[in-house]
Amino acid sequence: MLVLGLETSCDETGVALYDSEQGLLADALFSQIDLHRVYGGVVPELASRDHVKRMLPLIRQVLAEAGREAAQIDAVAYTAGPGLVGALLVGASCAQALALAWGVPAVGVHHMEGHLLAPMLEEQAPAFPFVALLVSGGHTQLVRVDGIGRYELLGESVDDAAGEAFDKTAKLMGLRYPGGPEIARLADQGTPGRFVFPRPMTDRPGLDFSFSGLKTFTLNTWQQCRGAGDESEQTRCDIALAFQQAVVETLTIKCRRALKQTGLKSLVIAGGVSANHALRQALEKMLGELNGQVFYARPRFCTDNGAMIAYAGCQRLLAGQHDGPAIGVQARWPMELLPAI
Ligand code: KG4
Ligand code: ZN
């Protein structure tokens, strides 16, 4: 089954062609980062308009790269939520229009299920059951995964998502959007131990997270340094490292707890923050100690992309699921509500 996948939930237009027999045939992405950077974050209306401009050229590009014709496509998968409503509607309308024109089914995919299944596109693919740490700009969740659509939420952030904490903290320190890769870049040059930040909610039982206090702690530290006349690049790097270490260690502690609680030894990390090298290293080390294994997607499939949507959509289509012709998207959509396959 040849599936065209469309991702437009936020500020990336992602398109991919996935074949159930041959795997991923082609994928293309247009990132709107430069468009939004001057505003310090995503401007929803600009995002929607840009998706409209990029979608069809990207679809033509993946078809050409894969050497396939539109007539060979068996179904269209698109991100139906959660995300920015206007942006989602571009992908949904486009998918439904193409499906109608081509006489094939369309299937709406949950964006976080897409992220969660992205490591399945790698050679080292995880087998069910496993614990998943979903860390993106909008979500921080620990989920027990027993199969596709068989999700049990173990814990989540009570305030900012991990990626959001990276982005907001970076903004407070005058860094560019998106903040995650910027903080990671500065942290590489940071002096270990100069600052030590708290590990929120690790001193009490449970698997929930809170990152907003850490953001305030970072702001206070940065303001104290500035007040003392120290706005040096090195200080920025040292603060970035302390912040990143606090997030990474907090996530690692909670992942260890989730593995212990479930008795599982496989951990999947997915979503934009799973591209972070320090996080990957810390989790590899922890899983090494537990004789377990950690799985993640290649960096460009950690952040938003069309390949994960094509893959997740294909699995649901193979199980006989698809949408009617109505165009519907959901800004909020708990992943536990998805049907099992
Ligand atoms: O999954 P994603 O592309 O979009 C959402 O679904 O939200 O995740 C984007 C988030 C942003 O907050 C970005 O700052 C963060 O992932 N991110 C990173 C890194 N690369 C992207 N955070 C930390 N380290 C990175 N290397
Ligand atoms: Zn995402």
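Owing to the predicted nature of the structure, the values given are computational and were not obtained by experimental measurement. (Residues numbered from 1 in each chain as written. Chains lettered and ligands numbered in written order. Predicted model: local features only at pLDDT ≥ 70, side-chain atom pairs only at ≥ 80, totals over all residues. Heavy atoms only, no water.)

Next up on the list: the sheet that holds strand β3 (residues 23-31). Sheet strands pair by backbone hydrogen bonding; their relative direction is either parallel or antiparallel. Read across the open sheet, the 5 strands follow the order β3-β2-β1-β4-β5; overall the sheet is mixed. If you trace the sheet from one side to the other, it starts and ends with β3 and β5 (106-110), each paired once. Within this sheet the neighbouring strands show an average axis-to-axis angle of 20°, counted without direction. Pairing of strand β1 (residues 2-7) with strand β4 (residues 75-81) involves 4 bridges; the strand directions are parallel. Residue pairing in the sheet places V3 in a bridge with A75 of β4. (Pairing = 2+ DSSP bridges. Helix = DSSP H or I, 4+ residues; strand = E, 2+ residues; numbered from the N terminus. Axes fitted to C-alpha atoms, helices over the stretch in contact; angles between N-to-C directions.)

Not every one of the 19 residues close to ligand 1 is listed here, only the nearest: H115, G137, D167, G272 and N276. Contacts to ligand 1 include H115, whose side-chain N or O atom sits 3.0 Å from an oxygen atom. In this structure, an oxygen atom belonging to ligand 1 sits 2.7 Å away from a side-chain N or O atom of D167. Counting residues per element, the shell around ligand 1 draws most heavily on helix α5 (residues 162-172), at 3 residues. Class assignment of the residues belonging to the shell around ligand 1 gives a composition of 6 nonpolar, 11 polar and 2 charged. (Near = heavy atom within 4 Å. Polar contact = N/O pair within 3.5 Å; in protein donor to acceptor, adjacent residues only side chain to side chain. Nonpolar A, V, L, I, M, F, W, Y, C, P; charged D, E, K, R; others polar.)

Time to look at the coordination of the zinc ion (ligand 2). Those donors, H111 (NE2), H115 (NE2) and D304 (OD), are the protein atoms that reach the zinc ion (ligand 2), and they lie 2.0 to 2.1 Å from it. Of note, the donors binding the zinc ion (ligand 2) are all from one chain and are spaced H-x3-H-x188-D. With H111 in helix α4 (residues 111-117) and D304 in the loop between β10 (293-295) and α10 (306-318), this residue pair connects regions lying 193 residues apart in the sequence. (Donors = N, O, S within 2.8 Å, 3.2 Å for Na, K, Ca; no water.)

What UniProt calls "domain: Gcp-like" (unreviewed entry) maps, in this numbering, to residues 24-311. Secondary structure content for residues 24-311 is 48% helix and 17% strand, while the C-alpha to C-alpha distance between its ends is 8 Å. (UniProt positions renumbered as here; feature names shortened; annotations may be inferred.)

Structurally, M335 is set in the segment after α10. Along the primary structure M335 and K285 are separated by 50 residues, whereas in three dimensions their C-alpha atoms are 29 Å apart. Among all residues touching M335, those that are not within four sequence positions of it are H110, M112, E113, L116, L134, V143 and Y151. (Contact = heavy atoms within 4.5 Å.)

This part covers helix α9 (residues 277-289). The end-to-end C-alpha distance of α9 is 18 Å, a good match for the 18 Å that 13 residues give at a rise of 1.5 Å each. Taken together, the buried positions of α9 are occupied by L279, R280, L283, M286 and L287. On an axial view of α9, the arc spanned by its buried residues comes to 135°, and they lie on one face. α9 presents H277, Q281 and K285 as exposed residues on the side facing more than 90 degrees away from its buried surface. You can read the cap of α9 off the contacts: a side-chain oxygen lies 3.0 Å from the backbone nitrogen of A278, and it is on N276. Directly after α9, the chain includes N291, whose backbone phi takes a positive value near 60°. (Expected span 1.5 Å × (residues − 1). Buried < 20%, exposed > 50% of the residue type's maximum accessible area, 1.4 Å probe, protein only. Arc of directions from axis to C-beta.)

With that settled, the discussion passes to the UniProt feature "binding site: substrate" (unreviewed entry) in the protein. Under the feature "binding site: substrate" (unreviewed entry), the UniProt entry names L134, V135, S136, G137, G138, D167, G180 and N276. With respect to the helices and strands, V135 occurs in strand β6 (residues 130-135). A relative accessible area of 0% places V135 in the buried class. Those residues in contact with V135 that sit more than four places away from it in its chain are T140, A162, L251, A270, G271, G272, V273, S274 and L279. Its location among the elements puts S136 in the loop between β6 and β7 (140-147). If sequence neighbours within four positions are ignored, S136 has contacts with M112, A161, A162, G163, E164, G271, G272 and V273. One polar contact links the side chain of S136 to the main-chain amide nitrogen of G138, over a distance of 3.2 Å.

Quick look at the packing of helix α8 (residues 233-262) against α9 now. Two quantities define a packed helix pair, namely the angle between the helix axes and the distance between the axes. Orientation of α8 relative to α9, taken along the N-to-C sense of each, is 30°, at an axis distance of 9 Å. Crossing geometry of α8 relative to α9 is assigned as right-handed. Where α8 abuts α9, its residues Q244, V248, L251, T252, C255, R256 and L259 lie against A278, L279, A282, L283, M286, L287 and E289. A class-by-class count of the residues in the contact of α8 with α9 yields 10 nonpolar, 2 polar and 2 charged. (Left-handed = near helix turned anticlockwise from the far one by under 90°.)

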